[in-house]
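# Structural description and commentary
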Amino acid sequence: MSLQVRPSYREHRPIPALADSVRSVWVQTVGDAPYTQRHLPTGGLELHWPLGGRPHLLGPLTGPLVESIPAGAVIVGVRFRPGSALLSSISLDDLVDQRVAVDDLGGGWVERLGEEMVLARTADDARQLLQRVLVRDQIAVRRDLLLDEVVRRLMPWTPVEVTTVAEELGLSTSQLRRRCLRATGVGPKALQRTLRFQGFLALAQVRAEGAGPRRDDGVAGLAFDAGYADQAHLSRDAQALTGVTPAQLRAARLQVRNVQDTAARAI
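The paragraphs below set out a description of the structure included in this document. Just so you know, these numbers come straight off a predicted model, no measurement behind them.

Here is what the cut-offs are and how they apply
Residues numbered from 1 in each chain as written. Predicted model: local features only at pLDDT ≥ 70, side-chain atom pairs only at ≥ 80, totals over all residues. Heavy atoms only, no water. Helix = DSSP H or I, 4+ residues; strand = E, 2+ residues; numbered from the N terminus. Buried < 20%, exposed > 50% of the residue type's maximum accessible area, 1.4 Å probe, protein only. Contact = heavy atoms within 4.5 Å. Areas by Shrake-Rupley, 256 points an atom, 1.4 Å probe, with all protein chains shown as cover. Pairing = 2+ DSSP bridges. Axes fitted to C-alpha atoms, helices over the stretch in contact; angles between N-to-C directions. Core = buried A, V, L, I, M, F, W, Y, C linked by side-chain atoms within 4.5 Å. Expected span 1.5 Å × (residues − 1). Arc of directions from axis to C-beta. Polar contact = N/O pair within 3.5 Å; in protein donor to acceptor, adjacent residues only side chain to side chain. Salt bridge = Lys/Arg side-chain N within 4 Å of Asp/Glu carboxyl O. Phe/Tyr/Trp six-rings, centres within 6.5 Å; stacked < 30°, edge-to-face > 60°.

## Focus: the overall build of the protein chain
The helix and strand inventory of the protein chain stands at nine helices and ten strands. The proportion of buried residues among the 267 residues of the protein chain is 46%. At a minimum sequence separation of 6, the contacts of the protein chain that also span at least 24 residues come to 71%. For the protein chain, the accessible area works out to roughly 13600 Å², and carbon and sulfur atoms hold 51% of it.

## Concerning the sheet that holds strand β7 (residues 74-80)
Read from one edge to the other, the open sheet built from six strands follows the order β1-β2-β7-β4-β5-β9, with strand pairing classed as antiparallel. Both edges of this open sheet fall to β1 (8-12) and β9 (99-101), since each of them pairs with a single strand only. Sheet twist, expressed as the average angle between the axes of neighbouring strands with direction ignored, equals 20 degrees. Relative to strand β5 (residues 56-58), strand β4 (residues 46-50) is paired through three bridges, and the arrangement is antiparallel. Opposite His-48, over in β5, you have His-56 as the bridge partner. Strands β1, β2 (22-29), β4 and β7 of the sheet are contacted by helix α2 (residues 123-136), whose axis makes an angle of about 35 degrees with β7.

## Regarding the nonpolar core
In terms of nonpolar packing, the biggest core is built from 31 residues, with Leu-86, Trp-109 and Leu-130 touching the most fellow members. Every element with two or more residues in this core is listed here: β2, β4, β7, β8 (84-86), α1 (109-117) and α2. The element that contributes the greatest number of residues to this core is α2, accounting for six residues. For Trp-109, the contacting residues outside a window of four places in its chain are Trp-49, Leu-86, Leu-87, Val-102 and Ile-139.

## Brief notes about helix α8 (residues 231-242)
Taking 1.5 Å of rise per residue, twelve residues should cover 16 Å, and α8 covers 16 Å from first to last C-alpha, within 8% of that figure. Within α8 the residues assigned to the buried category are His-233, Leu-234, Asp-237, Ala-238, Leu-241 and Thr-242. Down the axis of α8, the sector holding all buried residues measures 130 degrees, keeping them to one side. Where α8 begins, one side-chain oxygen reaches toward the backbone nitrogen of Ala-232, 3.2 Å away; that side chain belongs to Asp-230. Positive backbone phi, approximately 85 degrees, marks Gly-243, located one or two places after α8.

## Observations regarding the pattern of salt bridges
Enumeration over the complete set of coordinates arrives at 15 salt bridges. Of the charged contacts in the structure, one is a salt bridge between Glu-116 and Arg-136, with a shortest N-O distance of 3.1 Å. With Glu-116 in helix α1 and Arg-136 in helix α2, the pair connects residues that are 20 residues apart, well separated along the chain. A relative accessible area of 25% means that Glu-116 is categorised as partly exposed. Judged by its relative accessible area of 48%, Arg-136 is partly exposed. Each of Glu-149, Arg-152, Arg-153 and Glu-168 takes part in a single network of salt bridges with overlapping partners.

## As for the packing of aromatic side chains
Counted according to the given criterion, the structure contains two aromatic pairs. Residues Phe-197 and Phe-200 carry aromatic rings whose centres are separated by 5.6 Å and whose planes lie at 35 degrees to one another, so their mutual orientation is tilted. Taken together, the residues Phe-197 and Phe-200, both in helix α6 (residues 188-208) and three residues apart, mark about one turn of the helix. Since its relative accessible area comes to 2%, Phe-197 is described here as buried.

## Re helix α7 (residues 218-225)
Every buried residue of α7 is listed here: Val-219, Gly-221, Leu-222 and Ala-223. Positioned one or two residues after α7, Gly-227 has a phi angle of 100 degrees, which is positive.

## Quick notes on unusual backbone geometry
Working note: non-glycine residues mostly have negative phi, and peptide bonds are mostly trans. Residue Asp-97 is not a glycine yet carries a positive backbone phi of 60 degrees. The topology assignment puts Asp-97 in the loop between β8 and β9. Using a relative accessible area of 31% as the deciding quantity, one classes Asp-97 as partly exposed.

Bear in mind that shape data such as this cannot, by itself, settle questions of function.
The structure is reproduced here in structure tokens:
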């Protein structure tokens, strides 16, 4: 009798040397059936390395990107912060809403790392190795340190106009837009929209886990706390960024997370 492959997803903090450029690293195991993954905008790039396969780079997204992942796949991923990238020579403008093979971007580091990744005994070994090589070969880079402050001011919770952020940083709105495009591949308004929606998703997860203050106004309360003008504002952004309504997205994410949590406890 064949062993059942249990689906799981585990997210980890990056090693300290990558903390400035990487938000998180993760390992995803697909179960015995193919899995349809709906990638959502995060404000940054993602590096996906299937064990035994070739790595792909997920560019800055402005909407959902759907991918079919084969059964049994194990993927190690690196989620970069806005303003960080793989190699300073890569043009983020060319990667917006794209999923591309890293081999196509040039450089021999993929072959070198691939040879080392084959020797990893477990997915966690591969996760640690991938991070060490990103540091060792100086592959993860920051494009514009000013973007740290831009991101901080555009984060959810307190609504702010892009023009206000530009003025406070001593930039014109056109200068701010150029720097955002160069560092993240998208303009400041698109970046703000993504960060605000990521804030909503984080709040929804915290509330679902029973943490944080209790509210009885559902999605409307989450929208307000994340910095949306109202629930309709949230709904418009959700449709644009994910292709589904906030309620549908919350239900799908919670269902997947509960399945994965159950699987993780059983392992």
